Amino acid sequence: MTTKRDHNVLRPRQIITEAGQEKAYMEQLFHEAPEAMVQIINEKIIRVNPEFTRLFGYTEEEVLGKEIDKLLPSKDQLTEANNISKKINEGETVHAESIRFHKNGRPINVSILGTPVKMNGKIIGVFGIYRDITDRKKAEKIQHLINNISTSVLTSKSLDEFLVIVKQELDTILDTTNLFIAFYNIEDHSLSFPFFADEKDRFEKISADKTITGYVIKTEQSVLLKLKDIEELEKQGEIELIGSASKVWLGVPLQSKGEIFGVISLQSYDDETAFTKEDLDILVFVSNQISLAITKIQAEESLKIAKFKAEEAAIAKQQFLSSMSHEIRTPLNAVIGMSQLLLDIKPRPDQIEYLSALKYSGETLLSLINDILDFNKLESEKLVLEELDINPLLIVKKTMNIFLAKAKEKDNVLELGRAENIPEFVLGDKVRLSQILTNLIGNAIKFTEFGTITVNVELESENSDQQVLKFEIEDTGIGISKDNKEMIFESFTQERSDITRLFGGSGLGLAICKKLVEAQNGRIWVESSPGFGSIFSFTIPFGKSDHKPEKAEKSKPGPKTKTYLKGLKILVVEDNKLNRVVAKKFLENWGVSVDEAENGVLCADMVRKNSYDLVLMDLQMPVMDGYEATKKIKNMDNGKFKELPVIALTASILIEVKEKIENAGLDDILIKPFEALDLYEIISKHVKKDQ
Ligand code: ADP
């Protein structure tokens with residue numbers, strides 16, 4: 001069976017028996033092949049096929065007898081071409097991709113197959129096949145270009161930078177000597193030019209009316225216009241030529257989401273053949289990618305601008321609030337201070353009530369303003385936390401002490417509940433902890449009547465370097481509904497609007513607490529049911545303290561005795577008369593003799609002439625501000641008054657103010673409005689008395 005089938009197999013060699021027949025086939029193949037073929041003997045061309053003459057533009061006569069390496073490669077390709085020839089002559093078959101040149105100088109991308117022809121084992125000549133791979137190379141370049149454009153969207157810092165890259169990339173396949181990108185503004189029908197490279201013209205912003213660019217936008221068509229086409233359009237009244245007339249004009253609309261937003265154009269002023277229909281197709285193809293990239297970059301840029309504007313607005317808001325804080329706190333200082341002074345001079349019983357109400361209102365207003373400013377500060381600045389040895393239980397007790405009177409006013413009992421295993425010292429921020437406790441205990445009292453407020457503290461967990469403390473503020477007050485438990489921790493929210501009317505408040509207290517707790521890596525939550533009271537709990541992981549007394553929280557010297565300040569001489573520098581009166585009265589009550597100065601210039605003089613124990617210095621004053629005045633005092637008369645304590649009085653909470661205060665050499669700060677006790681303590685801390 002096998003043998004029989006073998007007989008039936010068609011074998012070319014068996015069928016084409018005559019040599020002539022085979023030759024005819026080979027001839028036909030050589031003649032019709034779609035590749036350029038060349039036969040070479042002794043390095044001279046002896047035969048080329050029609051495709052060779054078509055591809056390279058030479059006639060048969062022009063090439064016969066010539067050396068191929070002197071015909072097709074450029075001069076700087078000679079070594080490369082010679083190497084190929086050498087390898088073939090040594091018996092190797094060579095595949096290569098390179099560029100060879102048309103008779104008219106046009107480069108052609110080719111793949112080359114060169115092979116030695118052997119007879120009886122001896123090389124008798126060379127056979128070469130060239131295939132035109134220009135299209136494939138072009139397609140590769142376009143692909144490459146598209147890739148580069150899409151990646152440069154990610155690397156470009158701006159639209160300008162990106163458009164320069166677009167030109168560079170387009171330059172690898174098209175002549176971009178005259179390239180522009182126009183953006184169309186539909187509102188005023190104008191064109192602007194984010195990119196414009198041109199041998200002759202330069203436009204900034206023009207009307208789109210009667211321009212070729214406008215024509216492309218209107219017709220929504222890509223165009224390849226030769227000079228005569230342009231003249232024809234002009235005749236039809238479609239366009240009116242502005243600028244220099246080009247021999248060929250190529251333009252493609254740029255679009256995003258179906259809307260044309262611009263045009264990309266190439267032109268030549270001297271060569272009508274500079275661009276072909278094929279070039280237009282390429283431009284159309286890459287314009288999609290360019291459109292996408294431009295839209296993306298523009299969106300990013302407008303986002304950046306929006307972000308910048310938002311940041312600017314935030315800074316403006318911060319500055320506004322800071323200066324407002326000064327403006328509001330200064331008169332408040334006078335209101336609270338004056339009412340305290342009036343209360344101190346034994347008023348009639350009916351006046352006590354009015355004065356207390358006045359003082360209470362002032363204080364309430366102040367705490368409200370403090371809440372708003374504090375929240376604003378937390379929103380706009382990064383919270384810097386202290387890590388000092390603090391005594392947590394002492395802070396809890398001290399905070400509770402502040403509220404004892406208030407709790408009593410509402411017939412509430414305020415008591416310390418569980419407080420076991422509490423470390424004596426932990427590393428933490430005293431101010432922030434008392435701020436949270438103040439808010440929560442304050443709320444508990446505010447929303448409870450005839451009830452009990454219990455504060456519990458416990459060590460929740462501990463590891464080698466941290467101790468997590470849990471604080472609970474439990475009340476038997478009005479409670480909070482289930483739905484509102486999450487909401488109340490957000491800013492400006494209160495459980496019900498009638499609560500504001502009833503209890504007052506800004507709705508910021510819990511939002512501030514949440515921020516403060518979370519900034520310390522803790523957690524805050526509430527358990528409550530309406531009518532049955534609430535338990536606000538928070539945990540804070542504190543660093544472990546090593547209990548060393550020198551690292552312990554610096555305790556203020558504090559007023560030694562009630563008469564500690566008696567006999568001191570203090571200069572109050574302050575432009576606001578009311579504030580001067582308040583400070584003076586406080587000080588005189590403690591037996592201090594007081595001089596007043598209205599501004600910085602006056603004060604320096606007074607310091608020189610009188611021997612003061614301390615200066616209280618307002619910072620914002622006309623003529624010479626407190627910073628300048630302090631610098632002057634500390635440097636005058638060869639530093640004679642360098643040791644004289646100068647305390648800044650300021651209503652500003654800005655961080656910059658703190659820095660300026662340090663730079664000016666001020667010794668301490670007292671934030672206005674201040675309590676009498678704060679003033680007493682800060683003076684006691686800084687004056688030297690031999691007592
Ligand atoms: P406010 O300054 O208005 O008290 P907070 O942020 O401190 O703002 O509290 C927000 C709201 O949460 C309050 O208005 C109140 O409705 C509710 N709330 C807070 N603490 C308690 C509490 N202990 N008992 C009942 N409701 C409370």
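Look a little higher up for the structure.
Residues numbered from 1 in each chain as written. Predicted model: local features only at pLDDT ≥ 70, side-chain atom pairs only at ≥ 80, totals over all residues. Heavy atoms only, no water.

### Concerning the sheet that holds strand S10 (residues 248–256)
No. 1: Strand order across the open sheet formed by six strands is S8-S7-S6-S11-S10-S9, with antiparallel pairing between neighbours. Both edges of this open sheet fall to strand S8 (205–207) and strand S9 (223–226), since each of them pairs with a single strand only. In this sheet, adjacent strand axes meet at a mean angle of 25° when their direction is disregarded.
No. 2: Against the sheet, helix H9 (residues 159–170) makes contact with strand S6 (179–185), strand S7 (190–197) and strand S11 (259–268), and its axis sits at roughly 60° relative to S7, the strand it touches most.
No. 3: Along the sheet face, helix H11 (residues 227–235) touches S9 and S10 and points at about 95° away from the line of S9. (Pairing = 2+ DSSP bridges. Helix = DSSP H or I, 4+ residues; strand = E, 2+ residues; numbered from the N terminus. Axes fitted to C-alpha atoms, helices over the stretch in contact; angles between N-to-C directions. Contact = heavy atoms within 4.5 Å.)

### Quick notes on helix H19 (residues 577–589)
No. 1: Under the 1.5 Å per step criterion, the end-to-end length of H19 is 18 Å for 13 residues, consistent within 8% with the ideal 18 Å.
No. 2: Listing the buried residues of H19 in full gives Asn579, Arg580, Val582, Ala583, Phe586 and Leu587. All buried residues of H19 fall inside an arc of 165° around its axis, so they share one side. For H19, the exposed residues lying more than 90 degrees away from the buried face are Lys577 and Asn589.
No. 3: At the exit of H19 stands Gly591, carrying a positive phi of roughly 80°. (Expected span 1.5 Å × (residues − 1). Buried < 20%, exposed > 50% of the residue type's maximum accessible area, 1.4 Å probe, protein only. Arc of directions from axis to C-beta.)

### Focus: the environment of Glu628
No. 1: With respect to the element layout, Glu628 can be found in helix H21 (residues 626–639).
No. 2: Between the C-alpha atom of Glu628 and that of Ala664, which follows or precedes it by 36 residues, the distance is 7.2 Å.

### A closer look at the pattern of salt bridges
No. 1: If you walk through the whole model with that rule in mind, you get 34 salt bridges.
No. 2: Of the charged contacts, one joins Glu97 and Lys137 as a salt bridge, the two residues approaching to 3.3 Å between their closest N and O atoms. Taken as a pair, Glu97 in strand S3 (residues 94–101) and Lys137 in helix H8 (residues 134–155) lie far apart in primary sequence, 40 residues in all.
No. 3: Residue Glu97 is classed as partly exposed on the basis of its relative accessible area of 42%.
No. 4: Between Glu311 and Lys307 there is a salt bridge, with the nearest N and O atoms lying 3.6 Å from each other. Here Lys307 and Glu311 lie together in helix H12 (residues 277–344), a separation of four residues that amounts to about one turn.
No. 5: A network of salt bridges, in which partner residues are shared, links Glu97, Arg136, Lys137 and Glu140. (Salt bridge = Lys/Arg side-chain N within 4 Å of Asp/Glu carboxyl O.)

### Thoughts on the packing of helix H14 (residues 392–409) against helix H15 (residues 430–446)
No. 1: Remark: H14 packs on H15, axes separated minimally by 10 Å, with the N-to-C direction vectors making an angle of 35°. Seen from above, H14 lies across H15 with right-handed handedness. Of H15, the residues touching H14 (which contributes Pro392, Ile395, Val396, Thr399, Met400, Phe403, Lys406 and Ala407) are Lys430, Leu433, Ser434, Leu437, Thr438, Ile441, Gly442 and Ile445.
No. 2: Its residues placed into classes, the contact of H14 with H15 shows ten nonpolar, four polar and two charged. (Left-handed = near helix turned anticlockwise from the far one by under 90°. Nonpolar A, V, L, I, M, F, W, Y, C, P; charged D, E, K, R; others polar.)

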